[in-house]
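Analysis of the macromolecular model
Each chain is listed here by its residues.
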Amino acid sequence: MLRLISATPSPYARKVRIALAEKSIPFELLTEVPWDSTTQTPQYNPLEKLPVLILDSGKSVYESHYILEFIEAKYSGALELLPKDDVDGALFAKQVEVVADGICDALVLLFFEKQREDGKRSEEWMARQRRKVDGGLKALAGWIGNKEFFVNDTFGLADIAAGSVLGYLKVRFPEHPWRETYLHLATYSQNVEERQSFKDTMPTPQKISDKIV
Ligand SMILES: N[C@@H](CCC(=O)N[C@@H](CS(=O)(=O)O)C(=O)NCC(=O)O)C(=O)O
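This write-up is about the structure you can find in this document. (Residues numbered from 1 in each chain as written. Predicted model: local features only at pLDDT ≥ 70, side-chain atom pairs only at ≥ 80, totals over all residues. Heavy atoms only, no water.)

Some remarks on the sheet that holds strand β4 (residues 60–62)
Selection rule: Paired strands, in this sense, are two strands between which DSSP finds at least two bridges. Helix and strand definitions follow DSSP, with helices as H or I runs of at least four residues and strands as E runs of at least two, each counted in order from the N terminus. Note on geometry: axes are C-alpha line fits, over the in-contact stretch for helices, and angles between N-to-C directions span 0 to 180 degrees. Contacts between residues were defined by any pair of non-hydrogen atoms, one from each residue, lying within 4.5 Å.
Reading across the sheet, the four strands line up as β2-β1-β3-β4 and stay open at both edges, with mixed pairing between neighbours. Whereas interior strands pair on both sides, the edge strands pair on one side only; in this sheet they are β2 (27–31) and β4. Direction aside, the axes of adjacent strands within the sheet are offset by 20° on average. Here strand β1 (residues 2–6) pairs with strand β3 (residues 52–54) via three bridges, running antiparallel. Directly across from Ile5, in β3, lies its bridge partner Val52. The strands touched by helix α1 (residues 11–22) within the sheet are β1, β2 and β3, with β1 carrying the most contacts at an inclination of about 150°. Along the sheet face, helix α2 (residues 64–74) touches β3 and β4 and points at about 125° away from the line of β4.

This is the structure in structure tokens:
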């Protein structure tokens, strides 16, 4: 059976968990803290990042956007996350994922910069990450408009990526005012979180034991 190395707050791992659930592909969930010395992730990914999909053969697939591409290619019989007869629609969905993942990247950098001791945090660096988050959210809000889904009125990759980052914001940065700034994006997030695949993968904080920064 497929195995997925994941972490409870990970928006990247949540994308893969949602995709596997939406495609009804069974897998074993291996939850861990990749920041602690106890992590097994480096055994499967030279970049030491989860999620990692471990195949029956023992081969590992890593980098969430690539894992999703791998799943879509290898499990073609299941629900498709990308339109097969609309190249532009498929490419736009991947662009939405690029922005959603980029917001996550900036949020992770911001999260750890805040962990630094007083006097060692870079305000300039945090301001730069906040700009990326805000610019990414503005793009997502502009793209979703008042639609139900990002591409062709059909749930797919873009909604998995956008839904995951918005859910991550709610858990990790509840003070961010994006829901007041972008009313329909907030409604979109609430609606997509009604899906069983989202309900079953709600992010929760994790306890990190080791010193990271
Ligand atoms: N671009 C990667 C990012 C993955 C990532 O940053 N994962 C974090 C965990 S989490 O932030 O998603 O919870 C990690 O394993 N970090 C460990 C490390 O960077 O050494 C992806 O999309 O898979």
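From this point, the narrative continues.
Examining the side chain of Arg172
The residue Arg172 is located in helix α5 (residues 157–172) in this model. Other than its neighbours up to four places away in sequence, Arg172 contacts Pro9, Phe111, Pro205 and Gln206.

A look at the packing of aromatic side chains
Counted only if it meets this: A pair of Phe, Tyr and Trp rings is counted when the ring centres sit within 6.5 Å of each other, with Trp represented by its six-membered ring. The angle between the planes then sorts it: under 30 degrees is stacked, over 60 is edge-to-face, the rest tilted. Working definition: with a 1.4 Å probe on protein chains only, accessible area under 20% of the residue-type maximum means buried, over 50% means exposed, and in between means partly exposed. Only Lys NZ and Arg CZ are tested; either one counts as a charge over a ring when it is within 6 Å of the ring centre and within 35 degrees of the ring normal.
Inspection of every chain in the model, using the stated rule, returns eight aromatic pairs. On the numbers, 4.3 Å between centres and 55° between planes, the contact of Trp35 with Phe112 is tilted. One end of the pair, Trp35, is in the loop between β2 and β3; the other, Phe112, is in helix α3 (residues 87–113), with 77 residues separating them in the sequence. Phe112 sits in the buried class, given a relative accessible area of 12%. When the centroid spacing of 5.2 Å and the interplanar angle of 85° are considered together, the rings of Phe150 and Tyr188 count as edge-to-face. Here Phe150 is found in the loop between α4 (123–144) and α5, whereas its partner Tyr188 is found in helix α7 (residues 183–192), with 38 residues between them in sequence. For Phe150, a relative accessible area of 2% translates into the label buried. Classification of Tyr188 as buried rests on a relative accessible area of 1%. Members of the aromatic cluster, each reached through a chain of ring pairs, are Trp35, Phe111 and Phe112. One residue, Arg172, lies across the ring of Phe111, its end atom 4.2 Å from the ring centre. One cation-aromatic arrangement involves Arg195 over Phe155; the distance from NZ or CZ to the ring centre is 3.6 Å.

In short, the description is geometric, and any link to function would need to be established separately.
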